[in-house]
There are 2 protein chains.
Amino acid sequence: MYEVFFRSFNERVSLTKEEEEFVKQFLTPKKLRKKQFILQEGDVCKYICFVEKGALKSYSVDANGTESIIQFALEGWTISDLYSFLTAEPATYNIDALEDSELVLISKASHETLLEKLPKYETYIRLQITGAYIALQKRITSVISLPLEERYKNFIALYPNIAQRVPQHMIASYMGLTPETLSRVRKKMNLGK
Amino acid sequence: MYEVFFRSFNERVSLTKEEEEFVKQFLTPKKLRKKQFILQEGDVCKYICFVEKGALKSYSVDANGTESIIQFALEGWTISDLYSFLTAEPATYNIDALEDSELVLISKASHETLLEKLPKYETYIRLQITGAYIALQKRITSVISLPLEERYKNFIALYPNIAQRVPQHMIASYMGLTPETLSRVRKKMNLGK
DNA sequence: CGATTTTTTGAATCATATCAACGTACGTGG
DNA sequence: CCACGTACGTTGATATGATTCAAAAAATCG
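Cut-offs used in this document
Throughout this description, residue numbers start from 1 for each chain and increase along the sequence as written. Think of it this way: whatever chain is written first is A, whatever ligand is written first is 1, and the rest follow in order. The predicted nature of this model means local features are confined to residues of pLDDT at least 70 and side-chain atom pairs, given and counted, to a pLDDT of 80 or more, with totals for whole chains, interfaces and linings taken over all residues. Strands are treated as partners if at least two bridges between them are detected by DSSP. Only DSSP runs of H or I covering at least 4 residues are called helices, and only runs of E covering at least 2 are called strands; the numbering of each starts at the N terminus. C-beta atoms are first placed from the backbone for all residues, and any pair lying within 7 Å is then listed as a contact. Note on geometry: axes are C-alpha line fits, over the in-contact stretch for helices, and angles between N-to-C directions span 0 to 180 degrees. To define a nonpolar core, we join buried Ala, Val, Leu, Ile, Met, Phe, Trp, Tyr and Cys residues through C-beta atoms within 7 Å and take the resulting set. Backbone-placed C-beta atoms define the burial measure: a residue is buried with 20 or more other C-beta atoms within 10 Å of its own, exposed with 12 or fewer, and partly exposed in between. Per the annotation, domain bounds derive from an automatic or database assignment of domains. Put plainly, near means the residue's C-beta atom, positioned from the backbone, lies within 6 Å of the molecule or strand in question. Ten residue types, Ala, Val, Leu, Ile, Met, Phe, Trp, Tyr, Cys and Pro, are classed as nonpolar, four, Asp, Glu, Lys and Arg, as charged, and the remainder, Gly among them, as polar.

A. Local environment of the sheet that holds strand S3 (residues 47–53) of chain A. Residues and elements named next belong to chain A. If you walk across this open sheet you meet the four strands as S1-S8-S3-S6, and the pairing is antiparallel. Two strands close off the open sheet at either side, each with one partner strand: strand S1 (27–32) and strand S6 (78–79). In terms of strand pairing, S1 meets strand S8 (residues 101–107) through six bridges, oriented antiparallel. Opposite Lys30, over in S8, you have Leu103 as the bridge partner. Packed onto the sheet, helix H4 (residues 108–117) meets S3 and S8 and runs at close to 65 degrees relative to S8.

B. Region of the structure containing the nonpolar core. Of all hydrophobic cores here, the largest spans 90 residues; its most connected members are A:Cys49, A:Leu56, B:Cys49 and B:Leu56. Looking at this core element by element, the count peaks at seven residues for helix H5 (residues 119–145) of chain B. For this core, the two domains that each supply at least three residues are domain 1 (3–144) and domain 2 (146–193) of chain B. Among all residues touching B:Leu56, those that are not within four sequence positions of it are B:Val51, B:Ala73, B:Ile79, B:Ile95, B:Asp96, B:Ala97, B:Leu98 and B:Ser101.

C. Up close: the protein's contact with DNA strand C. With respect to spatial proximity, 14 residues lie near DNA strand C, and among them A:Glu180, A:Thr181, B:Gln168, B:His169 and B:Ser183 are the closest. Where the surface near DNA strand C is concerned, the elements lending two or more residues are helix H9 (179–188) of chain A together with helix H8 (168–175) and helix H9 (179–188) of chain B. With six residues, H9(B) is the largest single contributor of residues to the surface near DNA strand C. Of the residues assigned to the surface near DNA strand C, the class counts are four nonpolar, five polar and five charged.

Purely geometric numbers; function is a separate question.
Here it is in structure tokens:
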């Protein structure tokens, strides 16, 4: 239990066995079935969710009911509506499971205590979010400056495992495209041959 | 000197006078003329730049020479090619001044020392980057899910001061549009009447 | 004022969305 | 194990929206 979480943690900041035990007190395991929500728009986001196993997505839903996928999270990734988590305002995103999944939850109270009591936790969080920030900046750059084909190639190169595990229309959603358009982009690239 | 920087710092984590003095050792002031670069693509990004006064932009340039603006930074904001700064790989972004500006520079060595010696600095950095991450996530959401008009309205609502200070074609670039398209969007919204 | 930059406008072209239909794969219940 | 229903991907025709290129109007700066 928590293997993936502590592997991720130790890759960034290495913990002693005692520190690991200390951290464990603040973690809650949670299993999620495919299609089950861990957060719904309008609710306050109570957890940072670390994915031990499985896959989730966060997304917003517009007036017509169209979903736009903000983030995918596979094993080793963290997902949350961070703004809602930090401010306790209602969430603007939904998060649900793409597959049966196992999560490690960190509540707000745990998060705050860990920040206070264990400097290495703050470092871990800082490094995590720095990585996430850099990735997002690349995503923005890609969206505003590259033609579709390039954007799609970048995505596949960066996240080959996501491309294999999630349906294509969700990748379209993540890219801000209709499924038909992504299908045609792929055709033009003639993938599969 | 450094007033804006320490105001920003103290808003997030309050420092004693002694701590401020300690931090000052690691800061370097720098003036930049309009159009002057602080970072060029291909060079390693050596500083985190805090804007005391003025305005800068970071941007990438594609094969045709078209600029895509990644970020604006006005007073109180921080700008850098964080990936290059952290990894010492060549930068993929350019950063230059939109107006005559005054910066506070933090070198890599200073950054590392401050992280090590002053826990409050790590907290400051963590909070800064968390805010930047949340803002970027909103920007992505806007780009992939909203129609142009809405995206433009959001931008104006969020950064009214940027809209007033930078030419419209740069806002188009930031949004990933041609200047003509943004001009027509504005016309349709009939702004100015 | 003159020179440069910025914004606007128009017309033609290209890209993406939309709507509808079809084919395929997959999983579930019979 | 088969049959059916559902979800997914593809294709085509058309409509809508954005880009491009060229030019003119407006604003800014020295």
